[in-house]
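Structural overview for review
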Amino acid sequence: MVSPVLLIVVPLGLAFIILLFASVSTRGVKYIPVVGMVFNLVVSLLLIRHALDGPIVVTIGGFPPPFGINLVTGSLGLMFSVLIAVVGLIVSIYALGYVREGATERYHALYLLLLAGATGAVLTGDIFNLFVFYEILCISSYALVAYLGERDGIEAAVKYLIQGSVGSGFVLIGIAILYGLFGTLNMADMAQHIDSANPLYLFVPLVFLITGFGVEAAVFPLNAWLPDAHASAPSSISAILSGIAIKVGVYAVARVVFTLYDASGMFVFLVLLGLVTLLIAEISAFSQNNIKRMLAYSSIGQIGLIVFAFGLASQAGISGGLFQLTSHAFAKSLLFLTVGYMIYRAGSMEISALAGMGERMPLTCVAFTIGAFSLVGMPPFIGFASKLLIVNAALAQQNVWFTVLMALALTGTVVEAAYFFRVVQVLYFEKPAMLLDVDNIGNKGCEAPLTALVPICGLVILILFLGIYPNVLTGLLNAAASELLERAVYITGVLG
Amino acid sequence: MVDPVPQALVLTSIVIGVAVLALALSLAIRLYEYYGTLNLRKVRGLKW
């Protein structure tokens, strides 16, 4: 069996090798992230079979689990690691042709650091280690938002950095209080002894941790940074932030609420928080004229739906939430990747400037439409399967309130359909307002280049395939959901 | 006997803090170049 440590060590090591390698030759540097992510994908897929039998615990430095730092590669962590590797690989292929400006070797190094941080955060079993990897993820994403060095990017990065640092401060204080209470940093050990502490003392770190990780997860009202950061970053970075970075925040919140605390009193709060996030974000998205801001607000809305599904706290609800998380990662990165070249060709981020793109960039526009339909939840795309699971889970609660809340959440989906269909309508059925010199530009040279079309087609195939055969994922999703729900199994799995 | 773990934690978070500060300062320099001020109330290029 391959050691799961390699999933973190290889991207982290390659990130520094890139900088060394760049002093020799800057041309080949961009292929290194692709290699790293292919490696991570293969290793994660190889490990799935072992992880389904029980969490793989790797001790570092030879200290057995309650002491020292350990990695817990359970089905949940591995599901995230596969997701990170797939989206990371696709976006790194896209970046081959897309990232041209500036010191590209720094882009690729930071990109690998971001992915290493994300993978580390989902695989670790030590809460302080979680914080460190989370910070690696955050710092590299601050820098990547500002990568182009334009006015908007810098301003967005400053906002993101300030809010993210305040959130990290909350996380650190929460961890410090927990260490003071239990004298351990191991999450399984802490979870085992959580009942022995005074509930009042436990409540404060819980709130601090949810607030801190909530900033990265962009739950309302901690999401002010997200529309700016996602709209101003290069499109490949928007895709990875939307597909991976905010999901790691959701993972951390879920890990704290379910595994660490088993805080059943928080579940209703999560449901309401998710619903409020969903509705506010969808309504804000509806009023946007900038396409990337619209997609960013839509990401917040989807996070709301995922948190809502987690709050149901049933096997079906959590596996539905995880499925929604997967489907959103694929669909939203597809949308950002396609929009990246549309903006490039149109020269503007305004939705009205994209009129007539359906003729100029047919393949890209079809891919955008598929992504939009999947996000709205139309069959046969992956979004339909995931939303159906969540609706079923909410109805299975046999509670009139959950039915009402689910109806409200579906209203959000209707709003979502309205603004996505509006964009599709602009793409295909509206004539360009300005008289573009279409004959000169030509229809052929307008399509996105091959390095963009390959990852876009890959995502389209994934969305279609998983939409038609959602059962491929069911085994892994159910195992991941029971890892969150059955904390006793997690504790004995780690501590033995 | 002193518990070594809190010291390791504080040291790690100081190192992280230095990294964040370095990035924040470099962003602040660029922000000043664009806006001529560091007053965040006047930095309003992006709509809220």
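For clarity, every value in this text was computed on a predicted model and none was experimentally measured.

What to know about the overall build of chain B
Across its full length, chain B carries one helix and zero strands. Taking the principal axes of the C-alpha coordinates as reference, chain B spans close to 55 × 20 × 15 Å. By residue count, 23% of the 48 residues in chain B fall in the buried class.

Quick word on the interface of chain A and chain B
Facing the 29 residues of chain A at the interface are 23 residues of chain B. Roughly 2,200 Å² is buried in total at the junction of chain A and chain B, and carbon and sulfur atoms are behind 77% of that figure. On the chain A side of the contact with chain B, A:Arg151, A:Glu155 and A:Tyr179 bury the most area, a combined 25% of that side's loss. Counting the contacts that link chain A with chain B gives zero salt bridges. The set of elements that each furnish at least two residues to the side of chain A that touches chain B consists of α5 (127–145), α6 (151–182) and α9 (225–232) of chain A. No other element matches the 14 residues that α6(A) contributes to the side of chain A that touches chain B. Classifying every residue of the side of chain A that touches chain B by side-chain character gives 17 nonpolar, four polar and eight charged.

Here we look at helix α8 (residues 199–217) of chain A
Residue and element names in this part refer to chain A. With 19 residues, α8 extends 26 Å between its outermost C-alpha atoms, agreeing within 8% with the 27 Å of an ideal straight helix rising 1.5 Å per residue. Within the sequence span of α8, burial applies to Leu202, Pro205, Leu206, Leu209, Ile210, Gly212, Phe213, Gly214, Val215, Glu216 and Ala217. Where α8 begins, the side chain of Asn198 points an oxygen toward the backbone nitrogen of Leu200, at a separation of 3.0 Å. Looking one or two residues beyond α8, the residue adopting positive phi is Ala218, at roughly 60°.

Structural notes on unusual backbone geometry
Residue and element names in this part refer to chain A. The omega torsion of the bond from Phe220 to Pro221 falls at 0°, within 30 degrees of zero and hence cis. Along the polypeptide, Pro221 turns up in the loop between α8 and α9. Cis geometry marks the peptide bond from Pro379 to Pro380; its omega dihedral reads 5°. Residue placement: Pro380 occurs in the loop between α15 (362–376) and α16 (382–395). Within the chain, Asp262 stands out as a residue other than glycine whose phi angle is a positive 55°. Turning to its location among the elements, Asp262 is positioned in the loop between α10 (235–261) and α11 (266–286). Looking at Asp262, the relative accessible area reads 38%, which means it is partly exposed.

A look at the environment of A:Gly125
Tracing the chain through its elements places A:Gly125 in the loop between α4 (104–123) and α5. Non-local contacts of A:Gly125, meaning those with residues more than four positions away in its chain, are made with A:Asn70, A:Leu71, A:Val72, A:Asn186, A:Met187 and A:Tyr490.

Thoughts on the packing of α8(A) against α10(A)
All names here are of chain A. Viewed as axis vectors pointing N to C, α8 and α10 meet at an angle of 165°, and their least axial separation amounts to 7 Å. By the angle between their axes, α8 is roughly antiparallel relative to α10. Remark: the crossing between α8 and α10 carries left-handed chirality. Where α8 approaches α10, its residues Leu202, Pro205, Leu206, Leu209, Ile210, Phe213, Gly214, Glu216 and Ala217 are matched on the opposing element by Ala245, Ile246, Gly249, Val250, Ala252, Val253, Val256, Val257 and Tyr261. When its residues are assigned to classes, the contact of α8 with α10 shows 15 nonpolar, two polar and one charged.

Quick word on the state of the cysteines
All names here are of chain A. Summed over all chains, the structure comprises zero disulfides over all chains. The closest cysteine sulfur to the non-disulfide-bonded Cys457 is located on Cys365, 13 Å from its own sulfur. By relative accessible area, which is 40% here, Cys457 ends up partly exposed.

A closer look at the nonpolar core
Residues and elements named next belong to chain A. Counting 190 residues, the largest nonpolar core has Ile127 and Phe368 as the members making the most contacts within it. When residues of this core are assigned to their parent elements, the largest contribution, 18 residues, is made by α10. When neighbours within four sequence positions are excluded, Phe368 is seen to be in contact with Ile291, Leu335, Thr338, Val339, Met342, Val423, Val424 and Leu427. Leu278, Phe308, Leu312 and Val391 belong to the second-largest nonpolar core, a separate cluster that totals 15 residues.

Remarks on the packing of aromatic side chains
Residue and element names in this part refer to chain A. Scanning the model with the defined rule gives 17 aromatic pairs over all chains in all. Where Tyr134 meets Phe213, the ring centres are 5.0 Å apart and the plane angle is 85°; that geometry is what we call edge-to-face. Here Tyr134 is found in helix α5, whereas its partner Phe213 is found in helix α8, with 79 residues between them in sequence. Summarising the burial analysis for this pair, Tyr134 and Phe213 share the class buried. Ring centres of Tyr428 and Phe429 lie 6.4 Å apart, and the angle between their planes is 50°; this geometry places the pair in the tilted category. The class of Phe429 is exposed, set by a relative accessible area of 65%. In this structure, Arg422 packs its charged tip against the face of Phe286, placed 5.6 Å from the ring centre.

Regarding a nonpolar patch on the surface
All names here are of chain A. Together, Ile461, Phe465, Ile468, Tyr469 and Val472 give the surface a local cluster of nonpolar side chains, amounting to about 520 Å² of exposed area. Top contributing element to the nonpolar patch by residue count: helix α19 (residues 450–468), with three residues. Residue placement: Val472 occurs in helix α20 (residues 471–485). A residue is classified by how much of its surface remains accessible, and Val472, at 52% relative accessible area, is exposed.

Quick look at the pattern of salt bridges
Residue and element names in this part refer to chain A. What the rule picks out here adds up to seven salt bridges over all chains. In this structure, Asp228 engages Lys159 in a salt bridge whose closest nitrogen and oxygen atoms are separated by 2.8 Å. Here Asp228 is found in helix α9, whereas its partner Lys159 is found in helix α6, with 69 residues between them in sequence. For Lys159, a relative accessible area of 11% translates into the label buried. It is possible to trace a salt-bridge network through shared partners that takes in Glu155, Lys159, Asp228 and Arg293.

The rules behind each value
- Residues numbered from 1 in each chain as written.
- Chains lettered and ligands numbered in written order.
- Predicted model: local features only at pLDDT ≥ 70, side-chain atom pairs only at ≥ 80, totals over all residues.
- Heavy atoms only, no water.
- Helix = DSSP H or I, 4+ residues; strand = E, 2+ residues; numbered from the N terminus.
- Buried < 20%, exposed > 50% of the residue type's maximum accessible area, 1.4 Å probe, protein only.
- Contact = heavy atoms within 4.5 Å.
- Buried area = accessible area lost by both parts, 1.4 Å probe.
- Salt bridge = Lys/Arg side-chain N within 4 Å of Asp/Glu carboxyl O.
- Nonpolar A, V, L, I, M, F, W, Y, C, P; charged D, E, K, R; others polar.
- Expected span 1.5 Å × (residues − 1).
- Polar contact = N/O pair within 3.5 Å; in protein donor to acceptor, adjacent residues only side chain to side chain.
- Axes fitted to C-alpha atoms, helices over the stretch in contact; angles between N-to-C directions.
- Parallel < 35°, antiparallel > 145°, perpendicular 65-115°, else oblique.
- Left-handed = near helix turned anticlockwise from the far one by under 90°.
- Disulfide = S-S within 2.5 Å.
- Core = buried A, V, L, I, M, F, W, Y, C linked by side-chain atoms within 4.5 Å.
- Phe/Tyr/Trp six-rings, centres within 6.5 Å; stacked < 30°, edge-to-face > 60°.
- Lys NZ or Arg CZ within 6 Å of the ring centre and 35° of its normal.
- Patch = residues over 30% accessible without salt bridge, like charges linked within 9 Å, V, L, I, M, F, W, Y side chains within 5 Å.
- Areas by Shrake-Rupley, 256 points an atom, 1.4 Å probe, with all protein chains shown as cover.

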